[in-house]
Amino acid sequence: MAGFTSVGRSWVGLATAVALLVAAGEARGQQAQQNPCADEAHHQFDFWVGTWEVSNAQGDVVGTNEISSILGGCVLLEEWQSAGPYSGKSLNIYDAANDKWHQTWVDNGGLLLELDGRLVDGSMVMEGRRPGPDGSDVLHRITWEPLAGGDVRQTWDTTADEGQTWTTLFDGRYTPKE
């Protein structure tokens, strides 16, 4: 009987250890299910979420843009479709470790644009560098400004001379699509 009791205790010990590991795994799973992106900083760019009709500065509709909150509210997915064949997508995320927003834009013309920035006076401002057509270094600055009535203005400016002069590539108004 002594041997059986010893074996029985080993099984009880093993069963207890397994139960503790399962409980710890469940606790980690519950922590992962809690939204790590629920704080205010992760939602600074939520004013851009929606389905939009986009017009240029002259008032001409140039395309549609759908911005969705995905991955538990941690990421904004942009899906741009111009009035023509041009389309693109971006992923936007708040990087808490660096206290900044990041956007990675890709399109069907092969463009990759990576931007970083933050909320400045209520507008999201992101910048990034990439080579221009002649190989020179070009700084891109895109600003998203929430407007009265729920519209959003987006301006995309570039400079090749460290900000001495700026060229506006796009000045658009996002209006909620009905």
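Our subject is the structure listed above.
Quick caveat, the model's predicted, so the values are computed rather than measured.

1. Re the side chain of serine 82
Note that serine 82 resides in strand β3 (residues 75–82). Judged by relative accessible area, serine 82 falls into the buried class, the value being 14%. At 3.1 Å, the side chain of serine 82 and the backbone nitrogen of glycine 84 are in polar contact.

2. Looking at the pairing of strand β10 (residues 167–176)
Two strands pair when backbone bridges link them, and strand β1 (residues 50–56) and β10 are joined in this way by five bridges, in the antiparallel orientation. The residue of β10 that forms the bridge with glutamate 53 is threonine 175. Two elements, strand β9 (residues 152–159) and β10, share seven bridges in a ladder whose sense is antiparallel. Residue pairing across strands places arginine 153 opposite arginine 173, the latter belonging to β10.

3. Re the side chain of aspartate 151
Relative to the helices and strands, aspartate 151 is located in the loop between β8 (137–146) and β9. Judged by relative accessible area, aspartate 151 falls into the buried class, the value being 12%. Of the polar contacts made by the side chain of aspartate 151, one reaches the side chain of arginine 173; its length is 2.8 Å. Not counting residues within four places of it along the chain, the set of residues in contact with aspartate 151 comprises Trp52, Glu145, Pro146, Arg173, Tyr174, Thr175 and Pro176.

4. Quick notes on the packing of aromatic side chains
Given two aromatic rings, their pairing is described by the distance between the two centres and the angle made by the two planes. Under the counting rule described, the total for this entry stands at eight aromatic pairs. A ring pair is formed by phenylalanine 45 and tryptophan 48, whose centres lie 4.8 Å apart and whose planes are at 15°; its orientation type is stacked. Aromatic side chains tryptophan 48 and tyrosine 174 sit 6.3 Å apart centroid to centroid with 65° between the ring planes, which places their arrangement in the edge-to-face category. Residue tryptophan 48 is located in the loop between α1 (2–33) and β1, and its partner tyrosine 174 is located in strand β10; the two are separated by 126 residues in the primary sequence. Across this residue pair, the class does not change: tryptophan 48 and tyrosine 174 are buried. By way of ring pairs, the aromatic residues Phe45, Phe47, Trp48, Trp52, Tyr94, Trp101, Trp144 and Tyr174 are connected into one cluster. One residue, arginine 141, lies across the ring of tryptophan 166, its end atom 3.8 Å from the ring centre.

5. Examining the nonpolar core
Residues Phe45, Trp48, Trp52, Met126 and Trp144 are the most contacted members of the largest nonpolar core, which totals 21 residues. Each residue touching methionine 126, except ones within four places of it in the same chain, is listed here: Phe45, Asn92, Trp101, His102, Gln103, Leu115, Asp116, Gly117, His140, Arg141, Ile142 and Trp144.

6. With respect to the pattern of salt bridges
As enumerated under the stated definition, the model contains six salt bridges in all. Taking the shortest distance from any N to any O, the salt bridge between arginine 129 and aspartate 137 comes out at 2.7 Å. With a shortest N-O distance of 3.0 Å, glutamate 162 and arginine 129 are connected by a salt bridge. With glutamate 162 in the loop between β9 and β10 and arginine 129 in strand β7 (residues 123–131), this pair connects stretches of sequence that are 33 residues apart. Residue classification places arginine 129 among the partly exposed positions, given a relative accessible area of 42%. Salt bridges here are not isolated pairs; linked through shared partners, they connect Arg129, Asp137 and Glu162.

7. Let's talk about unusual backbone geometry
For leucine 71, which is not glycine, the phi torsion reads 55° and is therefore positive. Counting through the fold element by element, leucine 71 comes out in the loop between β2 (61–70) and β3. Although it is not a glycine, aspartate 99 adopts a positive phi angle of roughly 50°. By the element assignment, aspartate 99 lies in the loop between β4 (87–95) and β5 (100–107).

8. So, the sheet that holds strand β6 (residues 112–120)
Backbone-to-backbone hydrogen bonds join strands into a sheet, with any given pair of strands oriented parallel or antiparallel. Around the barrel, ten strands lie side by side as β1-β2-β3-β4-β5-β6-β7-β8-β9-β10; this closed barrel has antiparallel pairing. For this sheet, the mean inter-axis angle between neighbouring strands, taken without regard to orientation, is 25°. With eight bridges joining them, β4 and β5 adopt antiparallel strand pairing. When the sheet's bridge partners are listed, serine 90 is paired in β5 with tryptophan 105.

About the thresholds
Residues numbered from 1 in each chain as written. Predicted model: local features only at pLDDT ≥ 70, side-chain atom pairs only at ≥ 80, totals over all residues. Heavy atoms only, no water. Helix = DSSP H or I, 4+ residues; strand = E, 2+ residues; numbered from the N terminus. Buried < 20%, exposed > 50% of the residue type's maximum accessible area, 1.4 Å probe, protein only. Polar contact = N/O pair within 3.5 Å; in protein donor to acceptor, adjacent residues only side chain to side chain. Pairing = 2+ DSSP bridges. Contact = heavy atoms within 4.5 Å. Phe/Tyr/Trp six-rings, centres within 6.5 Å; stacked < 30°, edge-to-face > 60°. Lys NZ or Arg CZ within 6 Å of the ring centre and 35° of its normal. Core = buried A, V, L, I, M, F, W, Y, C linked by side-chain atoms within 4.5 Å. Salt bridge = Lys/Arg side-chain N within 4 Å of Asp/Glu carboxyl O. Axes fitted to C-alpha atoms, helices over the stretch in contact; angles between N-to-C directions.

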